[in-house]
Each structure stands twice: as structure tokens, then as C-alpha cells.
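# Commentary on secondary and tertiary structure
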Amino acid sequence: MMMDSGPTTFALFAAGAAVLTTSVVKLRSRLALSRAKHRSLGGHSRLSRRLAGLISFYAYDEWQVFRSDNPPEEIATARHAGFMRLAKLYAERYPQTMRLTADAKDGISDLQFTDTYRVPFQFRELVQRHLNAPAFVQSSQGVMLTDLDGNRFYDLTGSYGVNLLGYDFYKGSIARAVERAGELGPVLGSYHPVVADNVARLRAISGLDEVSFHMSGTEAVMQAVRLARYHTRRTHLVRFCGAYHGWWGDVQPGIGNPIPARETYTLNEMSEAALRVLRTRRDIACVLINPLQALHPNASPPADSALIDSARSAHFDRQAYAEWLKELRAVCSQNGIVLIVDDVFVGFRIAPGGTQEYFGVRADMVTYGKTLGGGLPVGVLCGRRELMKRYRDDRPLDVCFARGTFNAHPYVMAAMNEFSAPSRHRRGARDVWRARCALERAG
């Protein structure tokens, strides 16, 4: 008895065609994603992690350190002599500070890490042997620091962006905050009354509806991404090559993250190919913007370990970056993607209203931190009301949890209020701030 194979053959053919079509669609999507990545290792996080695991340590000996770029012998000799003079100066000028640094280093993992990567690893052994960088300071005044040996230095780092107005201003803010919140003390969970005023000021600055407090900028970004995923019911975030948004895994998918970030797309900034990915994919919950990238799109900011040559490639085109942000804003609005502006580092340096005011673009969420805390640790997330909600009215067990023991700490909230509130004894510092903002806007 013969069976009619027509329907069966047709079904198999249809199934095969469906599989082939799905494969082609996935391949096209994958190719589009690849084209949207920056061509550097920074744009290919998985590849950079693999290559990092293949590079073995090696060190230059004392002879090689001063001849690594094949200079004339007299230049190498002069380098060696200058280095040894500097090493002798260190030993004479910083004895107490260097001694305490050496004693404490064995128990401070952060210090071990930063000291290890102060210079390219090939030069590490010689530099650590002769130039044990002092890590302790005794006091501050204005923009100056004093170490244990009485040496005074200009603080060029600004405490990673915290010191916008000089240390005397922040020491005053902290002292007044302790006095103001001292009656309540470190009561956690309940709010000090000053919180209400802080919220009102943050809503006015950000132009957004609601506020949540955190203990660092990294935590604020984590909460922003979590809420974006919760409300869009999508999985992936988009960051741009070179941008820094804190140290947690999803926003630092390359070197430095022990596991791959599987729900992160690192795309080429100021790229039509990146916008095409945002228009076509349906798994993207949010896009993160760090306005510092306007100075060096798709490249990491300079670090000590990267100062191998004296090239100055940083440039700034305000109009071009503003147009890019407006295009990005339009694409995110069209496709239900949450646009998050990370103003943790830049804060209010470029304008009182931050990135939104300076570039003329409205965000769905903005994160703040650093100087906003008046000298104490802080992170803040401001967002649209519907995005800040942490529960669903129709699904009482479907919540988006986020809490921290020290969030809205009374002393931090009082110091924040001291930083932001206009008053007679802060008028001079605020005038400096406004003048700096005006100069940067003009430039």
C-alpha cells in the first residue's frame, strides 16, 4: 500500500523554509549589531577579555626601561640619571608618608591594585622599587593637600570629581550638616525633614518627577537600569564604546569583569549603524549616555597607564554631539527605549541643569552623585513617574526591589542641602560655581 507523500513533503518543505527564514533574519540582525560596534577592542568586549587572558606578564630590566623606544645612548643615560635623582628626592622628601604607605599596603587591596597599574606593567618593577607613590595625606585647604611630611600639593584630581568648590567649602558643609542633623543622629529608614527640600530641588534641577537616594553613583545607575528593564519587560542595555558608568558588570563588560555581560550591547557612538540597531531590535530596555564622551567619542578617558605618548586627540564639537543626542532621543521615544543620562561625574559643571540643559535634550532618567553630597557619599536617581514605580497595581507580588541601609542618611542629606541651598555664607562658592559654568558654556 502506497502512502500519499504530497502533504508530508509539503509540510517538511514549509518547516525547512521557516527555519531558513528565521536563520536569515537572525543572521541579518547579528550582522547589523556587528556593524554597529566600534572597530577598536573597546567596542568588542568579549574579544578584549579573551585577548587580555592571553597576554603574559613580562618586565623590562633597568637597562631596558630607559631604552624601550631605542633612543640614542646619551638620551638613555640622561633618563636613567634623572630617574635616580627623582628616586632620591622621593626618599628625602616623603619619608614618613612613604613608610606608612609601605606598611599599610599589605592590608589594603585597593592600594595594591592602583599602585600596580600606575604605569604600564613592563615598567612596574623598577618604578615600585624606587618610586613608592605616597598614598596618605594629613590635611587639606582650598585646592591644596598636605602630606605627613609637611609637603603641600595641588589636588589635580579633585577627589574624582567631588571637589568642585574647594575643600574648605565641603568641610564647612559637613560641619554644618553634622550640627543640623545631630539631634536626630544616624537614624536610618525614617527621613530627616531636610529630605523634602532636597527632593524639591532635585525635581527642579532635573525636570523629572521622582527621586531615589543611594550611596554611590554606581548604585544609582544600577537602579536606573533595573527599573528600565522592569517597566519595558526587556533584557538588554546599550552603552557606548569607551563610556564609564561605574564598576558593576553590566556596564563594564570588557576587561575588569570576571564574567561576560550577556545582556549588554556596546555600540559605536555617533553612528547611524547604532541607531539602526536601536530602531530594529526589540530586546533593548535602555540606553546609557555619559556626556564626558563628547570629548573623546568611543575612547576611554586618559589614565596614568595609558600615557605612553604625548598625542592630544581630545576634541569637542558641542553642536555635533547635541545633534547626536537629539537623534538618539527621537529613536528611543519611537521604540519605547528608556534614555538614561549619567551625570554622576559631570554633574553641574557644564550647566546647573547638567547635560539636559547644556545639550538641549530631555532624558527619561538622570543619575547624579559625587559633589552633590556636599562632601559625603551619595548617589541620586531622578526619573519620570511611571518609570520610578517599583510595583504593579494589578500584580501585587511583581515588584522591583531596591533598598540600601544608608540611603538618605541624615548627615548626607543635610550635607546635600548645604551644598545646594542658597544662603549668605555660601554666596562666594556659588558665585565661583556660576562663573565656571558660564565660562564652560561660552567655551
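Refer to the structure printed above.
Overview of the structure. (Residues numbered from 1 in each chain as written. Predicted model: local features only at pLDDT ≥ 70, side-chain atom pairs only at ≥ 80, totals over all residues. Heavy atoms only, no water.)

### Regarding the overall build of the chain
Counting its secondary structure elements, the chain contains 17 helices and 12 strands. When the 443 residues of the chain are sorted by exposure, 42% land in the buried category. Residue pairs in contact within the chain that sit at least 24 positions apart in sequence constitute 72% of those at least 6 positions apart. Carbon and sulfur atoms form 57% of the exposed surface of the chain, whose accessible area is close to 24,700 Å². (Helix = DSSP H or I, 4+ residues; strand = E, 2+ residues; numbered from the N terminus. Buried < 20%, exposed > 50% of the residue type's maximum accessible area, 1.4 Å probe, protein only. Contact = heavy atoms within 4.5 Å. Areas by Shrake-Rupley, 256 points an atom, 1.4 Å probe, with all protein chains shown as cover.)

### Concerning a positive patch on the surface
On the surface, Arg30, Arg46, Arg50 and Arg262 cluster together into a positively charged patch. By the element assignment, Arg46 lies in helix H2 (residues 45-54). Judged by its relative accessible area of 42%, Arg46 falls in the partly exposed class. (Patch = residues over 30% accessible without salt bridge, like charges linked within 9 Å, V, L, I, M, F, W, Y side chains within 5 Å. Salt bridge = Lys/Arg side-chain N within 4 Å of Asp/Glu carboxyl O. Lys, Arg positive; Asp, Glu negative; His and termini not counted. Charge placed at Lys NZ, Arg CZ, Asp CG, Glu CD.)

### Focus on the sheet that holds strand S3 (residues 152-154)
The strands making up a sheet associate through hydrogen bonds between their backbones, and the pairing can be parallel or antiparallel. Ordered in space as S1-S2-S3, the three strands form an open sheet in which the pairing is antiparallel. The sheet is open, and its two borders are formed by strand S1 (139-141) and S3, each paired with just one other strand. Within the sheet, the average angular offset between the axes of one strand and its neighbour, ignoring direction, is 25°. Sheet analysis places strand S2 (residues 144-146) next to S3, joined by three bridges and oriented antiparallel. Note that in S3 the partner of Met144 across the bridge is Tyr154. (Pairing = 2+ DSSP bridges. Axes fitted to C-alpha atoms, helices over the stretch in contact; angles between N-to-C directions.)

### As for the packing of helix H10 (residues 194-206) against helix H16 (residues 410-420)
With their axes 9 Å apart at the nearest point, H10 and H16 run at an angle of 45° to one another. Taken together, the axes of H10 and H16 lie oblique to each other. In this structure, H10 crosses over H16, and the sense of that crossing is left-handed. Of the residues in H16, those in contact with Val194, Val195, Asp197, Asn198, Arg201 and Leu202 of H10 are Met413, Ala414, Met416, Asn417 and Ser420. Grouping the amino acids of the contact of H10 with H16 by side-chain chemistry returns six nonpolar, three polar and two charged. (Parallel < 35°, antiparallel > 145°, perpendicular 65-115°, else oblique. Left-handed = near helix turned anticlockwise from the far one by under 90°. Nonpolar A, V, L, I, M, F, W, Y, C, P; charged D, E, K, R; others polar.)

### Let's talk about helix H4 (residues 73-93)
When the terminal C-alpha atoms of H4 are compared, their 30 Å separation across 21 residues agrees well with the 30 Å that a helix rising 1.5 Å per residue should span. Along H4, the residues that are buried comprise Ala76, Phe83, Ala87 and Tyr90. Along the long axis of H4, the arc covered by the buried residues comes to 60°, so they all point the same way. In H4, the exposed positions that point more than 90 degrees away from the buried face belong to Glu74, Arg85, Lys88 and Glu92. Turning to H4, the residues buried within the fold contact helix H5 (95-105) and helix H7 (124-130). (Expected span 1.5 Å × (residues − 1). Arc of directions from axis to C-beta.)

### What about the sheet that holds strand S7 (residues 284-289)?
With mixed pairing, seven strands are arranged side by side in an open sheet as S4-S10-S9-S8-S7-S5-S6. The open sheet has two free edges, formed respectively by strand S4 (210-214) and strand S6 (264-267), since each of these has just one partner strand. Pairs of neighbouring strands in the sheet enclose a mean axial angle of 20°, with direction left out of account. Against the sheet, H10 touches S4, strand S9 (365-369) and strand S10 (379-383), its axis set at about 120° to S4. Strands in contact with helix H12 (residues 272-280) are strand S5 (236-240), S6 and S7; relative to S7, the strand with the most contacts, it is inclined by about 150°.

### A closer look at the pairing of S5
Taken across its five residues, S5 has five buried, putting it largely inside the fold. Neither face of S5 is left uncovered, since the one carrying His236, Val238 and Phe240 and the one carrying Leu237 and Arg239 both have all their residues buried. Here S5 pairs with S6 via four bridges, running parallel. Each bridged residue has a counterpart across the sheet, and for Leu237 the counterpart in S6 is Thr264.

### Quick notes on the nonpolar core
Grouped together as the largest cluster of nonpolar side chains are 30 residues, with contacts concentrated most on Phe240, Leu267, Leu278, Val287 and Leu328. Looking at this core, the elements with two or more residues in it are S5, S6, H12, S7, helix H13 (318-334) and helix H14 (354-359). Among the elements that take part in this core, H13 stands out by supplying seven residues, more than any other. Not counting chain neighbours up to four residues away, the residues in contact with Phe240 comprise Thr266, Leu267, Asn268, Glu269, Ala274, Val287, Leu288, Ile289, Trp324 and Leu328. Counting 23 residues, the second-largest nonpolar core is a separate cluster that includes Tyr170, Leu372, Cys382 and Met413. (Core = buried A, V, L, I, M, F, W, Y, C linked by side-chain atoms within 4.5 Å.)

### Quick notes on a nonpolar patch on the surface
A grouping of Leu41, Leu47, Leu51 and Leu54 is seen on the molecular surface, where their side chains present a nonpolar patch of about 360 Å² in accessible area. Following the sequence through the fold, Leu47 ends up in helix H2.

### Looking at the pattern of salt bridges
Inspection of every chain in the model, using the stated rule, returns 19 salt bridges. Residues Asp364 and Arg329 are paired through a salt bridge, measuring 3.0 Å at the closest nitrogen-oxygen approach. In this pair, Asp364 sits in the loop between H14 and S9 while Arg329 sits in helix H13, placing the two residues 35 residues apart along the sequence. An identical accessibility class is assigned to Asp364 and Arg329; each is buried. The salt bridge partner of Arg392 is Asp398, with a shortest N-O separation of 2.7 Å. By relative accessible area, Asp398 is classed as partly exposed at 28%. Members of the salt-bridge network, linked through shared partners, are Arg329, Asp364, Arg384 and Glu386.

### As for the side chain of Thr355
Inspection of the secondary structure puts Thr355 in helix H14. Beyond its immediate sequence surroundings of up to four residues, Thr355 is in contact with Pro291, Leu325, Val341, Asp343, Ile350, Gly360 and Val361.

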